[in-house]
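Now for the letters of each chain:
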Amino acid sequence: MNIETLYQQSLNTRYGVTEKKKQELDRLTQEVLNANGSVQEYQAIVDSLTEKLTKLQGQLASAQANKEQALNNKNSVDTVIDNAKNLMQNSKIVIAEISNANGDIKDTAKQVNSLINKLIYAAEIVNKLANLIIRKKATNPLISNELITLVTQSQTDANNAVALTLVALESVFTSQATTLESTAAAELEDEQVNRLYNLLVYGDMELAQATNTDDSSIATQINNDSIKSYLYEAYTITSAMYEDVLTAVNDTTSQLNNAKASLSKAQVKLASLQSGLAAANAAALAS
């Protein structure tokens, strides 16, 4: 084999080695480009999910505040209803007690009136007796002055007793008038409390009796129009909204964690490929 042949073989070998290195560098470069594209894609996903999660967390805080406010309103209306129910019961007790007191006052008035009639009759007898004794005293000196004094005092006492009893009867009438006013006030209070209770629970006082009938559709409509039903429904709605947003937050958080993990792997792969490409370039330049 001559020198020319050997030289040609040497050129072919060197060309083959160089072409192979170039192909390897091209392959590594393409892998780096692909890995970089993956990193950018995952980074975009992470950025998008991070922004979405931030918005959802704000919505979750708002939904939680709405849910808590709705719960407070629900608890408040329950308290008001309980208080109204207690006030209704107390009103009926007061009305019954006032009615009993009014009956007692009427009986007392009758008794005082009967007593006055008897006192007036007794006073008239005492006055007639006193006048008779005083006239007899003028014609019969044997009648003692002490008797005249006693009779005169009895006359005064009888008249005073009648006067005092009249004052007592007037007080009874005043008490009776006060009791009647109290009855009217208690009945008005009872009416207003019933109206409030029915408005809270049924939504309509005039149709509230439907709950005691067989017409369940009317009763349901009434209950659905009540303040209680509105506040209960508001709590149900805000609770459902909170749960929906919470589910979205949890799902997005899981997606973001997975995307971050994928991004981390892609970054590690990119760094490894970049190191391999740098080493290959260095080896190619050294050969």
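Residues numbered from 1 in each chain as written. Predicted model: local features only at pLDDT ≥ 70, side-chain atom pairs only at ≥ 80, totals over all residues. Heavy atoms only, no water.

1. Examining the overall build of the protein
Part 1 of the argument: Along its length, the protein carries four helices and zero strands.
Part 2 of the argument: Along the protein, helices (α) and strands (β) appear in the sequence α-α-α-α when read from the amino end.
Part 3 of the argument: Within the span of the protein, comprising 287 residues, buried residues form 24% of the whole.
Part 4 of the argument: A separation threshold of at least 6 residues defines the contact pool for the protein, and within that pool the share at least 24 residues apart is 79%.
Part 5 of the argument: Working note: accessible area of the protein is about 19,300 Å², and carbon and sulfur atoms make up 56% of it. (Helix = DSSP H or I, 4+ residues; strand = E, 2+ residues; numbered from the N terminus. Buried < 20%, exposed > 50% of the residue type's maximum accessible area, 1.4 Å probe, protein only. Contact = heavy atoms within 4.5 Å. Areas by Shrake-Rupley, 256 points an atom, 1.4 Å probe, with all protein chains shown as cover.)

2. Quick look at the packing of aromatic side chains
Part 1 of the argument: On inspection of all chains with the given rule, the structure shows one aromatic pair.
Part 2 of the argument: For the ring pair Tyr 197 and Tyr 202, a centre distance of 6.4 Å and an interplane angle of 75° mean the geometry is edge-to-face. Taken individually, Tyr 197 and Tyr 202 each receive the classification buried, so the pair is uniform in this respect.
Part 3 of the argument: Taking the ring centre of Tyr 232 as reference, the NZ or CZ of Lys 74 above it sits at 4.7 Å. (Phe/Tyr/Trp six-rings, centres within 6.5 Å; stacked < 30°, edge-to-face > 60°. Lys NZ or Arg CZ within 6 Å of the ring centre and 35° of its normal.)

3. Considerations on the confidence of the model for the protein
For residues with low pLDDT, the predicted coordinates do not support detailed interpretation.
Part 1 of the argument: Averaged over all residues, the pLDDT of the protein is 80; the fraction at 70 or higher stands at 84%.
Part 2 of the argument: Here helix H3 (residues 216-224) stands out as the element of the protein with the lowest mean pLDDT, 49, in contrast to helix H4 (residues 227-286), whose mean of 91 is the highest.
Part 3 of the argument: Per-residue pLDDT stays below 50 along residues 6-15; that stretch engages in two contacts with residues further than four places along the chain or on separate chains.
Part 4 of the argument: This model gives residues 210-222 a pLDDT under 50, and the stretch forms 12 contacts once residues within four places in sequence are excluded. (pLDDT = per-residue confidence, 0-100.)

4. Overview of the pattern of salt bridges
When charged atoms on two side chains of opposite charge get close, those side chains can pair.
Part 1 of the argument: Summed over all chains, the structure comprises four salt bridges.
Part 2 of the argument: The closest approach of N and O atoms between Glu 31 and Arg 27, which form a salt bridge, is 2.6 Å. Taken together, the residues Glu 31 and Arg 27, both in helix H1 (residues 3-139) and four residues apart, mark about one turn of the helix.
Part 3 of the argument: Of the charged contacts in the structure, one is a salt bridge between Lys 55 and Glu 51, with a shortest N-O distance of 3.7 Å. Here Lys 55 pairs with Glu 51, and both are found in helix H1, just four residues apart, close to one helical turn.
Part 4 of the argument: With relative accessibility at 52%, the residue Lys 55 sits in the exposed group.
Part 5 of the argument: Classification of Glu 51 by relative accessible area gives partly exposed; the value is 48%. (Salt bridge = Lys/Arg side-chain N within 4 Å of Asp/Glu carboxyl O.)

5. Some thoughts on the environment of Val 80
Part 1 of the argument: Locating Val 80 in the fold gives a position in helix H1.
Part 2 of the argument: Judged by relative accessible area, which is 37%, Val 80 ranks as partly exposed.
Part 3 of the argument: A C-alpha to C-alpha distance of 9.6 Å links Val 80 and Leu 196, two positions 116 residues apart in sequence.

6. Let's talk about the environment of Thr 179
Part 1 of the argument: Note on placement: Thr 179 falls in helix H2 (residues 145-201).
Part 2 of the argument: By relative accessible area, which is 9% here, Thr 179 ends up buried.
Part 3 of the argument: Sequence separation of Thr 179 and Gly 103 is 76 residues, and the distance between their C-alpha atoms is 10.0 Å.

7. A few points about the environment of Ser 76
Part 1 of the argument: Within the element layout of this structure, Ser 76 appears in helix H1.
Part 2 of the argument: Linking Ser 76 and Leu 231, residues 155 residues apart in sequence, is a C-alpha distance of 9.6 Å.

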